[in-house]
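Observations on the model geometry
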Amino acid sequence: MGNLTTLANVKSYLGGQVDTAGETFVTFAIPYISSVIETYCGRLFGETTYTDEIHDGDGGKQLVLKNYPIISVTSLYDDIDRAWTASTLIAASDYVIKKESGVLYRVDANFFNIERGNIKVTYVAGYKLPGASSGNGTAFPLALEDVCVKLVALAFRDRGMNLGLNSINFEGGTKSFTVDIPEDLKRILNIFRRIMFY
C-alpha cells in the first residue's frame with residue numbers, strides 16, 4: 001500500500017485551513033484514506049512485484065492478470081505438472097502485454113493448456129504514486145488522486161464527527177471516524193475497481 005496523494009496536494013486543496021496540528025492529522029489520514037480506497041477498489045495502485053501468481057488455463061490465447069497496469073513480466077509458465085521447469089517457461093517473444101488492461105496475449109502458435117493452477121506468472125504492475133521519487137509505473141490517474149484528496153479533506157473538516165473510520169492516532173490525540181464514500185466519488189472509484197472474472 002502506498003499514499004495516493006501528498007500532504008502538499010491536500011494543503012493546496014484546503015487552502016490556508018491547515019495549521020501545524022492539522023498537518024499532523026492530514027499526514028496520518030492520507031495512508032488511512034489511501035487504504036480505504038484500495039480496499040474499495042480491490043487492488044493496490046502503487047508499483048508492486050507480484051511473485052508466482054497462479055491462474056487456471058482455459059485453452060485460450062489470453063491471460064488476465066490480477067493487477068494492472070503491467071510494467072513488466074519477469075516470467076510466465078504454463079505447466080500442467082506444476083514443476084515450473086525451463087521447458088514450460090514461455091518466451092517473452094511469444095506473448096504481448098496490454099499494459100493498461102493487465103492482459104497478456106499469446107502470439108505464438110500455442111494456446112494456454114486447459115488445467116487448474118497450471119499458469120504461473122511473476123510481474124511488476126502499478127502506477128507511480130504521487131510524490132514518489134522513483135518508479136517505472138504509469139503516471140497516477142489524476143481523477144483517482146482527486147478522490148483521495150477530497151476524502152482526506154472531508155476527514156479533516158469533520159475531524160471524526162460524521163465520517164466513521166475506526167481511529168487515527170496522531171500527535172496530539174486520537175480521532176475516530178468511518179469513511180462513508182460519497183456517491184459522486186464512488187462513481188469515479190468504480191472506474192478503477194478490479195475487474196473480476198468468474
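You'll find the structure just up there.
Residues numbered from 1 in each chain as written. Predicted model: local features only at pLDDT ≥ 70, side-chain atom pairs only at ≥ 80, totals over all residues. Heavy atoms only, no water.

Of all hydrophobic cores here, the largest spans 29 residues; its most connected members are Ile37, Phe45 and Val152. Where this core is concerned, the elements lending two or more residues are helix H1 (7–14), helix H2 (20–41), helix H3 (142–158) and helix H4 (183–190). A per-element tally of this core places H3 first, with nine residues. Here Val152 is in contact with Val10, Val26, Ala29, Ile30 and Ile33, once residues within four sequence places are set aside. Within the second largest apolar cluster, 14 residues are counted, among which are Val73, Ile90, Phe112 and Ala125. (Core = buried A, V, L, I, M, F, W, Y, C linked by side-chain atoms within 4.5 Å. Buried < 20%, exposed > 50% of the residue type's maximum accessible area, 1.4 Å probe, protein only. Helix = DSSP H or I, 4+ residues; strand = E, 2+ residues; numbered from the N terminus. Contact = heavy atoms within 4.5 Å.)

Summed over the entire model, instances satisfying the criterion amount to eight salt bridges. Residue Arg116 pairs with Asp56 through a salt bridge whose shortest N-O separation is 3.7 Å. Residue Arg116 is found in strand S6 (residues 114–125), and its partner Asp56 is found in strand S1 (residues 48–58); the two are separated by 60 residues along the sequence. We classify Arg116 as exposed; its relative accessible area is 63%. The network of salt bridges with common partners includes Asp78, Arg106 and Asp108. (Salt bridge = Lys/Arg side-chain N within 4 Å of Asp/Glu carboxyl O.)

Now for the pairing of S6. Counted residue by residue, S6 has nine buried out of twelve residues, so it is predominantly covered. Where S1 and S6 come together, eight bridges link them in antiparallel fashion. Its bridge partner lying in S6, Thr48 is registered against Ala125. By the bridge criterion, seven bridges tie strand S3 (residues 70–78) to S6 in an arrangement that is antiparallel. Following the sheet pairing, Tyr77 is matched in S6 by Lys120. (Pairing = 2+ DSSP bridges.)

This part covers the environment of Ile80. Mapped onto the fold, Ile80 is located in the loop between S3 and strand S4 (95–98). Its relative accessible area of 42% is what places Ile80 among the partly exposed residues. C-alpha separation for the pair Ile80 and Asp56, spaced 24 residues apart in sequence, amounts to 9.8 Å. Those residues in contact with Ile80 that sit more than four places away from it in its chain are Asn113, Glu115 and Asn118.

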